[in-house]
Structures are given as C-alpha cells and as structure tokens.
Amino acid sequence: MKRVLVVDDDPHILEVIQFALTQAGFSVVVANDGKQALATFAATDPDLVLLDVLMPELDGLSVCREIRSQSAIPILILSSRDEEVDRIMGLDIGADDYLGKPFSPRELVARVHAHLRREDRRLNKPTLVANHGFKIDSETMSATFRDRTLTLTQTEFHLLRTLVARPAKVFSRDDLMQQAYQVHRVVSHRTIDSHIRRLREKLTQIGAPGIETVYAIGFRLKQDA
C-alpha cells in the first residue's frame, strides 16, 4: 500500500483529502504545519507528499525545498493562491505538480495515482541510459555527467532521461510533457519551460552539455560540453 503524507493546517481539507485517498486504497499520514510535516516525513518515509503553501510554523515552499534537498519523492503543491507566479515558484524549488484550491477530490486522487504509476512503470524499463558523458539510471533515480552527480526532481529526471536517450532528436513541449508526466494530462508550456530552465541551471553548474532551444519546434540536448 502506497503511503501519502498530506500537510495542511485546515482540518476540513485534511479530512476531505484523507477520506478520498483512503477510499482509493492509499495509506495516509497527516501533518498540520510545516515543522510537523518535516518530522512526519522523516518518521514515516512516504511515497508522495501533498503540501499546502500557507501554513504556520514553516510555509509549504520551505518544506518543499527541505524535502527536495534530501529526496526525489513526488511533491504536489496545494494552494488557494492559484496565480501563475506561485505555480512557477513551487516548480522552481522542486515540486512536481501544482493543484489550486478549491480542487476536485477525484482529480487530486487521479494525479496522485498518475505520479505513483509513473514510478512503477519506471521499474519495467531499461534502467540505464548512457550518452555523451551522461549516465541516467532509472532504478536508482540517479543522474551523473562524467561522474559528477546531478540532484534532480522526479520531473527533471524524466526530462533529462528523455533528452539523453535520443540526443539528436528535437522534442516539442508536448513530447516532453508526455515523457515527463506519462499520463493523459495537459500542463502549460510555461510549466515545461520552467522545468527546462531549472534543468539547464543544474547542467551548467556541473559543466554538462546544456539544452538547446530549436526555434518554433522545441528542445534537444547540446552535444558538446
């Protein structure tokens, strides 16, 4: 049974989410504020985190940043602040998805299923992709360039694996959307651009080949460091 950590300071929302996820067959643990969230995360080792932004003690973005520094676990942000800048900020610090309040419990459950199914499917694919100095291991969710380690979110990992596996191919944003999320789901092109921008920054930090923008088409891996 997959375990989901739900973090929100609103008891009603916690109750709704816990009921929906339990009915869908998940084990659910809850936390009411940011500090409790980090303690519960360490104690329960969940498979996925649903995280509110506006909370006492420690806000959700800070919690997301801390969890991401130590784990590639899927993180879904929940927030009543459904403005684009907030979505982009959440993605920039390592969240894999963003759902604005109010939300449909059915959609939330579907997104949780989608992220966890993607992880399960990963285990049935060839685990190692190696090209142009990169080694991308899907079994360990590790990525290196010439033995220098990249710390990636789950979405960034799947984007990089896609680009490295076929370095000469130009991928449209829609192509990358399908590879990164691997479910019938639509996200905005700005969301893909945000993930690509963060991935570029991480590649630059270790001297790896960057990601080239092909005008009016999409992206491909640069083949020279």
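Quick caveat, the model's predicted, so the values are computed rather than measured.

Digging into the packing of helix α2 (residues 34–44) against helix α3 (residues 60–68)
Argument step 1. It is at 9 Å that the axes of α2 and α3 come closest, and there the two elements cross at 25°. Taken together, α2 and α3 sit at an angle that is classed as roughly parallel. Where α2 crosses over α3, the handedness of that crossing is right-handed. Counting all contacts with α2, which are made through Gly 34, Ala 37, Leu 38 and Phe 41, the residues of α3 involved are Val 63, Glu 66 and Ile 67.
Argument step 2. Of the residues belonging to the contact of α2 with α3, the class tally is 5 nonpolar, 1 polar and 1 charged.

Re the packing of aromatic side chains
Argument step 1. Within this structure, the stated rule accounts for 1 aromatic pair.
Argument step 2. Ring centres 5.0 Å apart and planes at 50° place the aromatic pair Phe 134 and Phe 145 in the tilted group. With a gap of 11 residues between them, Phe 134 in strand β7 (residues 134–137) and Phe 145 in strand β8 (residues 142–145) connect regions that are remote in the sequence. Per residue, the accessibility class of Phe 134 equals that of Phe 145, and both read buried.

Remarks on the sheet that holds strand β9 (residues 148–150)
Argument step 1. Pairing is antiparallel across the open sheet formed by 4 strands, whose spatial order is β6-β7-β8-β9. Each edge of the sheet is formed by a strand with only one pairing partner; in this case those strands are β6 (128–131) and β9. Averaged over all adjacent pairs, the angle separating strand axes in this sheet is 20°, with direction ignored.
Argument step 2. When β6 meets β7, the two strands line up antiparallel, connected through 4 bridges. Residue Leu 128 lies in a different strand from β7, and its bridge partner there is Asp 137.
Argument step 3. Strand contacts of helix α6 (residues 154–165): β6, β7, β8 and β9, with the helix running at about 125° to β7, the strand carrying the most contacts.

Some thoughts on the sheet that holds strand β1 (residues 3–7)
Argument step 1. With parallel pairing, 5 strands are arranged side by side in an open sheet as β2-β1-β3-β4-β5. With one partner strand each, in any of the chains shown, β2 (27–31) and β5 (97–100) form the two edges of the open sheet. The mean inter-strand angle of the sheet, taken between neighbouring strand axes irrespective of direction, is 20°.
Argument step 2. Sheet topology note: the strand β4 (residues 75–79)/β5 ladder contains 4 bridges and is parallel. Its bridge partner lying in β5, Ser 79 is registered against Gly 100.
Argument step 3. Lying over the sheet, α2 contacts β1, β2 and β3 (48–52), oriented at roughly 145° with respect to β2.

Remarks on the packing of α6 against helix α8 (residues 189–205)
Each pair of packed helices can be described by the angle between their axes along with the distance between the axes.
Argument step 1. Running from N to C, α6 and α8 point in directions that differ by 75°, and their axes come no closer than 10 Å. What the angle tells us is that α6 and α8 run roughly perpendicular. On α8, the residues touching Thr 155, Glu 156, Leu 159 and Leu 160 of α6 are His 195, Ile 196, Arg 198, Leu 199, Lys 202 and Leu 203.
Argument step 2. Here the contact of α6 with α8 is composed, by residue class, of 5 nonpolar, 2 polar and 3 charged.

What counts and what doesn't
- Residues numbered from 1 in each chain as written.
- Predicted model: local features only at pLDDT ≥ 70, side-chain atom pairs only at ≥ 80, totals over all residues.
- Heavy atoms only, no water.
- Axes fitted to C-alpha atoms, helices over the stretch in contact; angles between N-to-C directions.
- Helix = DSSP H or I, 4+ residues; strand = E, 2+ residues; numbered from the N terminus.
- Parallel < 35°, antiparallel > 145°, perpendicular 65-115°, else oblique.
- Left-handed = near helix turned anticlockwise from the far one by under 90°.
- Contact = heavy atoms within 4.5 Å.
- Nonpolar A, V, L, I, M, F, W, Y, C, P; charged D, E, K, R; others polar.
- Phe/Tyr/Trp six-rings, centres within 6.5 Å; stacked < 30°, edge-to-face > 60°.
- Buried < 20%, exposed > 50% of the residue type's maximum accessible area, 1.4 Å probe, protein only.
- Pairing = 2+ DSSP bridges.

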